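Structure assessment
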Amino acid sequence: MAAMIEVENLRKTYDGGFEALKGVSLSIEEGEILALLGPNGAGKTTLISTICGITEPTSGTIRVGGFDAATNPKAARRQIGIVPQEVNIDMYAKVWDSLAFTRGLWGKPRDDAHIEKVLRQLSLWDKKDGNVMSLSGGMKRRVLIGKALSHEPNVLFLDEPTAGVDVELRKGMWEVVEELRQAGTTIILTTHYLEEAEAMADRIAVITGGEIRLVERKDTLMRRMGHKTLTIELAESIGTLPPVLAEKGVVMEGPQTLSYSYDSASGNTGITRLLTAIRDEGLKLADLSTKQSSLEEIFVGLVHEDDKEKEAAE
Ligand SMILES: Nc1ncnc2c1ncn2[C@@H]1O[C@H](COP(=O)(O)OP(=O)(O)OP(=O)(O)O)[C@@H](O)[C@H]1O
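Residues numbered from 1 in each chain as written. Predicted model: local features only at pLDDT ≥ 70, side-chain atom pairs only at ≥ 80, totals over all residues.

An unreviewed UniProt entry lists the protein under the name ABC transporter ATP-binding protein, from Pseudoroseicyclus tamaricis.

As C-alpha cells, this is what we get:
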C-alpha cells in the first residue's frame, strides 16, 4: 500500500521560542484510519495544521498523496478534507447547496453524482432539500463531513469529531467513520477519548510534549502493552485470603472471588504457579476469566512514564 501522508522530522517552533513539534516522523497508509491521541497541549493541532498547510513548519518535510507540501502546496492541500470541531455552516443554506458550494470553492466543476454519493453515504440524502438549521446536531456534523468530502479529497482530517456530543451521537459518528473506512477513505482523527480511538482506529499514534511516543496497530498495542486481570471464582466461600496467595499478589474481591493482575506480554505470567498454590491450599475453582486492560490504562501509563522522565531530566 502506498503512503498517503509522509511526515519526516517535522519541527515547529512558535514565535516566542516554544517548540511544539520536536522532530515528528509519521507515515499514513492509503485507506487506514489513524487516531492521534494525546493530552492537552501535546501538539496534535499543530501537527495537523502543519500537514494541512495552515501552519508553516520550522523544518522537516511533508508529502500528501505524493505531493511535497513545501514545493507543491496547492496540490498537497487539494488532497485533504478537514472536518473542523465547530459547526460553522450557513444555517439557512440547503444541505445539497452547502456541499455543492464548498466544492465550487475548491474550483472543482459541478458534479451532482458525487454530491449525491456523499449525501447517501452520510445518510443525508432524504435531507438534501432541508435547511441545515432544521437538522439535528449529529446531522449537522455529518454535513461538515460532507462538505469536507465535496472536493473528493484522498484523506480526511477529523478534529475531535465527537467533542462535546452525547454518547448516542458519538456512536453514530463511529458508524459514519466505519462506513467511510469501508469506502476506502484515509482518515486521521484527533481525540481525547480513548474509547473513540479504540472503536475507530486501525493504528494509534500517541503524542506527548511534541514527540510521537509510539505508533502501533491498535490490536498489537493492546497485546504488547496490555496487562490482564485473571478473575478466579471459587466453588466455596473463604473467610480470609491464604497468605501464600497474598504473597503472589492475589487480591480478594469477595468471599468467593479472587483477582490476579499480570503482564500478558511477559513469558512468565505466574499463572501456573498460582493455580498450583490454589490447589495446594485445597481450594476448588468454579470459574476462571481474564480481562484485557483498556487502552485508557495503557495510555495513562505512557503519559505517566513521560512525566516521570521529565521529572528525572530536571
Ligand atoms: N500560536 C501559538 N503560539 C505559541 N504557542 C502555541 C501556539 N499554538 C499552540 N502553541 C503551544 O504549542 C503546544 C501544543 O499545542 P497544540 O494546540 O498543538 O496541542 P493539542 O495537542 O492540540 O492540544 P489540545 O488537545 O488542548 O487541543 C501548546 O503548549 C500550546 O500552548
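Now that the structure has been shown, the text picks up again.
1. Concerning helix α6 (residues 167-182)
One turn of an α-helix holds 3.6 residues; hence residues three or four places apart share an orientation. Defined as follows: We count a stretch as a helix when DSSP gives it H or I for four or more residues in a row; a strand needs E for two or more, and each element gets its number in order from the N terminus. Given the number of residues in a helix, its expected span is that number minus one, multiplied by 1.5 Å.
Taking 1.5 Å of rise per residue, 16 residues should cover 22 Å, and α6 covers 23 Å from first to last C-alpha, within 8% of that figure. Just downstream of α6 lies G184, where phi reads positive at about 90°.

2. Some details on the packing of helix α5 (residues 137-149) against α6
Here is the rule: Think of each axis as a best-fit line through the C-alpha atoms, taken over the contacting stretch in the case of a helix, with angles from 0 to 180 degrees between the N-to-C directions. Orientation labels follow simple angle bins: below 35 degrees gives roughly parallel, above 145 gives roughly antiparallel, 65 to 115 gives roughly perpendicular, and whatever is left gives oblique. Should the near helix be turned anticlockwise from the far one by less than a right angle, the crossing is termed left-handed; should it be turned clockwise, right-handed. Throughout, a pair of residues is in contact if the C-beta atoms placed from their backbones lie within 7 Å.
For the pair α5 and α6, the least separation of the axes is 10 Å and the interaxial angle reads 30°. Taken together, the axis directions place α5 and α6 in an arrangement best described as roughly parallel. Remark: the crossing between α5 and α6 carries right-handed chirality. Together, G137, G138, R141, R142 and I145 of α5 and L169, G172, M173 and V176 of α6 make up the contact between the two elements.

3. Quick word on the packing of helix α3 (residues 95-105) against helix α4 (residues 112-121)
Filter applied, for reference: Residues are sorted three ways: Asp, Glu, Lys and Arg are charged, Ala, Val, Leu, Ile, Met, Phe, Trp, Tyr, Cys and Pro are nonpolar, and all the rest, Gly among them, are polar.
Axis separation between α3 and α4 bottoms out at 10 Å; the angle between their running directions is 130°. Between α3 and α4, the interaxial angle falls into the category oblique. Crossing of α3 against α4: the hand is right-handed. Counting all contacts with α3, which are made through W96, L99, A100 and R103, the residues of α4 involved are I115, V118 and L119. Residue composition of the contact of α3 with α4, grouped by class: 6 nonpolar, no polar and 1 charged.

4. A word on the confidence of the model for the protein
Detailed reading of predicted coordinates is not advised where the pLDDT is low. Our working definition: Known as pLDDT, the predictor's confidence for each residue is given on a scale from 0 to 100.
Chain-level pLDDT for the protein is 88 on average; 90% of the residues reach the 70-or-more range. Among the prediction metrics, the complex's ipTM stands at 0.96, with pTM recorded as 0.75.

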